[in-house]
Amino acid sequence: MTQHIVAIDQGTTSSRAILFDEAGKPLSVSAREFPQHYPQDGWVEHDPEDIWRDTVAAVQDVLTDETVAIGITNQRETVLLWDRESGKPLHNAIVWQDRRTGETCRRLKAEGAEEMVRAKTGLLLDPYFSATKLQWLLDTVPGARDRAEKGELAAGTIDSFLLWRLTGGKSHATDITNAGRTMLCNIHEAAWDEELLELFGIPANLLPQIHENAGIFGETDPALFGRAIPIAGMAGDQQAALIGQACFSRGMVKSTYGTGCFLLLNTGGEAVRSENRLLTTPAYTIGGERAFALEGSIFVAGAAIKWLRDQLGLITDAAESEDIARAVADDHGVTLVPAFVGLGAPHWDPDARGLLTGLTLDTTADHIVRATLESIAFQTRDLLDAMRADGTDVPSAIRIDGGMAQNAWFAQFLSDVLAAPVERPESHETTALGAAYLAGLATGVWQGLGDLSEKWRAAARFEPDMAESRREALLADWQGALRRAMPQN
Ligand SMILES: Nc1ncnc2c1ncn2[C@@H]1O[C@H](COP(=O)(O)OP(=O)(O)O)[C@@H](O)[C@H]1O
Ligand SMILES: O=P(O)(O)OC[C@H](O)CO
């Protein structure tokens, strides 16, 4: 009997549904881009009703009678509050890129909270994570804290909101990878932590139950798709990409280039603590077996290409950046630091802002486009250097995916700058594939991780092809520009 799985991939810029067959082959895709809201400098919001409407429509587009399960993967950290009775959000969701709680984080650091937070969560005190965003919602939305204390409200990341809505309010759950990014979860115990809840002023009754990644989270309300379909897997999108890339052994690494760039190194059952400002994060728990990862998070990757298109009008679509980068001999000394929402790993500077250096009268728009692509490779290099400095074994080849990975010029430049081979898999939908794998493991479509590893194939491999002297010169320019983007550091 044919068995299909639908993966929901709710990303920062688009909501998608992808139908997979038993071979892990994508059969159809439905995607909808949705509006970003920037109410103030450094603030980023999403309307949860946009996300909900687009997700349901995308699932309806691809669903077949043979679909046996749904998996969910999502932009992480983005958080919202909703009414348990009506299911209505109280406010827009506050997006992971949002910096409005920078001051709160600075205060908590000054009060000496960072060590306790790091030891329990593996995270650094930065506005990136959900806890201070949720605290802001409770303190700012009129009546929210009172209603929360009376048990009238629910909170959660996007996975949890979608699950609630898809199950008609029957299931309020999340998975360990999403919980691990809230800054409220003790990742060693896989449980909400009282001391953290108190620090951020979050009532425990707001929060979902934490589950393993592969298992039955609930069933869809039959009113939505004509029948009840099990939701059998959930994971944050970067962990789902790690699974979709079959990085199941300690020492395997993947780097995903969507809105941001996230490099995850599987560290097996050990939660490795970084001395170089990387994050320690749950990778997955499947069948009781826990894996952790070291993560480097860059806030702006594909978002910089979107900026070239939407704000500067230098390109008309993202793919055009590839031909432009090839058409010029070099970047003509131009360097971009895309610190549009501060800088993430390994710098963690919420106050850094974007910078373009090396401009001359003969700089062209094409040089700026090329410098934008280059900046994402330089940031990845900084992450790998931090991992090496932590003494972890960085593997011989890096597996890449996400929208930007389709850009072959970028993939080659990345390999040149990293001085390491870069591999791109057959599947373009690696994140969604990871969510499908989880749902398929829980429903017996696939038997175990070994089964999934065998399916991974490199469709393209990029070998380093740049003189060492040139690489060093480019990296020196990058480091110089980076220092200027963070004057207070
Ligand atoms: N060929 C390309 N070259 C460079 N960037 C690209 C290309 N195709 C897509 N992108 C960028 O990739 C991002 C979309 O990737 P995706 O993985 O769908 O992101 P997300 O899940 O964050 O919404 C966009 O920011 C887009 O600008
Ligand atoms: O939307 P993406 O794919 O860039 O991913 C967002 C991350 O999960 C944020 O941590």
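Conventions used here
- Residues numbered from 1 in each chain as written.
- Chains lettered and ligands numbered in written order.
- Predicted model: local features only at pLDDT ≥ 70, side-chain atom pairs only at ≥ 80, totals over all residues.
- Near = placed C-beta within 6 Å.
- Helix = DSSP H or I, 4+ residues; strand = E, 2+ residues; numbered from the N terminus.
- Nonpolar A, V, L, I, M, F, W, Y, C, P; charged D, E, K, R; others polar.
- Core = buried A, V, L, I, M, F, W, Y, C linked by C-beta atoms within 7 Å.
- Buried ≥ 20, exposed ≤ 12 C-beta atoms within 10 Å, placed from the backbone.
- Contact = placed C-beta atoms within 7 Å.
- UniProt positions renumbered as here; feature names shortened; annotations may be inferred.
- pLDDT = per-residue confidence, 0-100.

This part covers the site of ligand 1. Around ligand 1 there are 19 residues in total, and Gly11, Gly258, Thr259, Gly302 and Gly403 lie nearest to it. Elements with a minimum of two residues in the shell around ligand 1: α11 (302–310) and α12 (320–327). When residues of the shell around ligand 1 are assigned to their parent elements, the largest contribution, 4 residues, is made by α11. Residues of the shell around ligand 1, tallied by class, amount to 5 nonpolar, 12 polar and 2 charged.

One finds Val6 and Leu438 to be the most contacted residues of the largest nonpolar core, which totals 150 residues. Residues within four places of Leu438 in sequence aside, it is in contact with Gly71, Asn213, Ala214, Gly233, Met234, Ala235 and Ile243.

So, on to helix α6 (residues 158–166). Taking burial as the measure, the 9 residues of α6 include 9 buried ones, the bulk of the element. Within the span of α6, buried status applies to Ile158, Asp159, Ser160, Phe161, Leu162, Leu163, Trp164, Arg165 and Leu166. The positive-phi residue at the C-terminal boundary of α6 is Gly168, with phi of around 65 degrees.

The UniProt record annotates "binding site: ADP" (unreviewed entry) at Thr12, Arg16, Thr259, Gly302, Gly403 and Asn407. Here Thr12 is to be found in the loop between β1 (4–10) and β2 (14–20). C-beta crowding within 10 Å serves as the criterion here: with 22 such atoms nearby, Thr12 is assigned to the buried category. When residues no more than four places from it in sequence are discounted, the contact partners of Thr12 are Gln75, Val95, Gly258 and Thr259. Inspection of the secondary structure puts Thr259 in the loop between β15 (253–257) and β16 (261–266). The class of Thr259 is buried, set by 27 C-beta atoms lying within 10 Å.

Turning to the UniProt feature "binding site: sn-glycerol 3-phosphate" (unreviewed entry) in the protein chain, a few remarks are in order. The sites that carry the UniProt feature "binding site: sn-glycerol 3-phosphate" (unreviewed entry) are, in the present numbering, Thr12, Arg76, Glu77, Tyr128 and Asp237. Taking the number of C-beta atoms within 10 Å as the measure of exposure, Arg76 has 28 and is therefore buried. In this structure, Arg76 is in contact with Trp96, Thr157, Asn178, Arg181, Gly236, Asp237 and Gln238, ignoring residues within four places of it in sequence. Positionally, Asp237 belongs in helix α10 (residues 237–244). Overall, Asp237 belongs to the buried group, with 31 C-beta atoms counted inside 10 Å.

Surveying the vicinity of ligand 2 reveals the residues Gly11, Thr12, Gln75, Arg76, Glu77, Trp96, Gly236, Asp237, Gln238, Gly258, Thr259 and Gly260. Looking at side-chain class alone, the shell around ligand 2 contains 1 nonpolar, 8 polar and 3 charged residues.

A few words on the confidence of the model for the protein chain. Model confidence for the protein chain is summarised by a mean pLDDT of 95, while 100% of its residues fall at 70 or above. This prediction of the complex comes with two scores: 0.93 for pTM and 0.96 for ipTM.

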